[in-house]
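Residue-level listing of the chains:
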Amino acid sequence: MSRNLYSIEFQEQALIKVRERGTRSVLDVADDLHMSVGTLRKWISKSNQTKGEMGDPAAKLPDDLPAQSWGATQRLQALLETHTLTQTQMHAWCRERGLFEHQLKAWRDAFCSATPSESRESKAALRDLQAKHETLQRELRRKEKALAEAAALLVLQKKFQALLGGED
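Predicted model, so just to flag it, every value in this text is computed and none were measured. (Residues numbered from 1 in each chain as written. Predicted model: local features only at pLDDT ≥ 70, side-chain atom pairs only at ≥ 80, totals over all residues. Heavy atoms only, no water.)

(A) The packing of aromatic side chains, seen in detail. Counting across every chain of the model gives 3 aromatic pairs. Ring centres 5.1 Å apart and planes at 15° place the aromatic pair Tyr 6 and Phe 10 in the stacked group. Taking the relative accessible area as the measure of exposure, Tyr 6 reaches 23% and is therefore partly exposed. We classify Phe 10 as partly exposed; its relative accessible area is 23%. Ring centres of Tyr 6 and Trp 43 lie 5.2 Å apart, and the angle between their planes is 85°; on these two criteria the pair is classed as edge-to-face. (Phe/Tyr/Trp six-rings, centres within 6.5 Å; stacked < 30°, edge-to-face > 60°. Buried < 20%, exposed > 50% of the residue type's maximum accessible area, 1.4 Å probe, protein only.)

(B) The arrangement of the pattern of salt bridges in detail. This model, assessed by the stated rule, comprises 5 salt bridges. Of the charged contacts in the structure, one is a salt bridge between Glu 101 and Lys 105, with a shortest N-O distance of 3.8 Å. Of this pair, Glu 101 and Lys 105 are both found in helix α6 (residues 101–165), 4 residues apart, which corresponds to roughly one turn of the helix. Connected through shared salt-bridge partners, Glu 81, Glu 96 and Arg 97 make up one network. (Salt bridge = Lys/Arg side-chain N within 4 Å of Asp/Glu carboxyl O. Helix = DSSP H or I, 4+ residues; strand = E, 2+ residues; numbered from the N terminus.)

(C) Spotlight on the packing of helix α4 (residues 72–82) against helix α5 (residues 87–97). Viewed as axis vectors pointing N to C, α4 and α5 meet at an angle of 150°, and their least axial separation amounts to 11 Å. Along its contact with α4, which presents Ala 78, Glu 81 and Thr 82, the element α5 presents Met 90, Trp 93 and Arg 97. Tallied by class, the residues present in the contact of α4 with α5 amount to 3 nonpolar, 1 polar and 2 charged. (Axes fitted to C-alpha atoms, helices over the stretch in contact; angles between N-to-C directions. Contact = heavy atoms within 4.5 Å. Nonpolar A, V, L, I, M, F, W, Y, C, P; charged D, E, K, R; others polar.)

Below you can see the structure in the form of structure tokens.
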């Protein structure tokens, strides 16, 4: 018989801490919460399984966030939900979510038009940066060789002076 030592609220808060842990490990989060890392990992896997069954939670439209702070996934989800709606249905949907129709149009335009041009611009910028990187790498190799040659000449000069120093 298993007994539940932790409340559902505690489990949810622990999962939130795990998801927002940044560079910290799950073990560190478990130590902070004074709990077993195995239990925490079990909660994570159970949460991931239920998330897979229900779909991506980021794609669900949040009720507690204003529409201006929605991410790209949530905006796309809003566009998908409103795509087949009539004008009257769309107005009602927008009122429920606290949106305006012009926001949806702006999101649609940004989604449809910005991606290809940004892609071309970013590829061109990447090529320029790669060419500049190669030029800088060549220059760095040339300077490293010159520095190594100068160091070798200095060492040889000191050795030669040491050998001739005894004859003077």
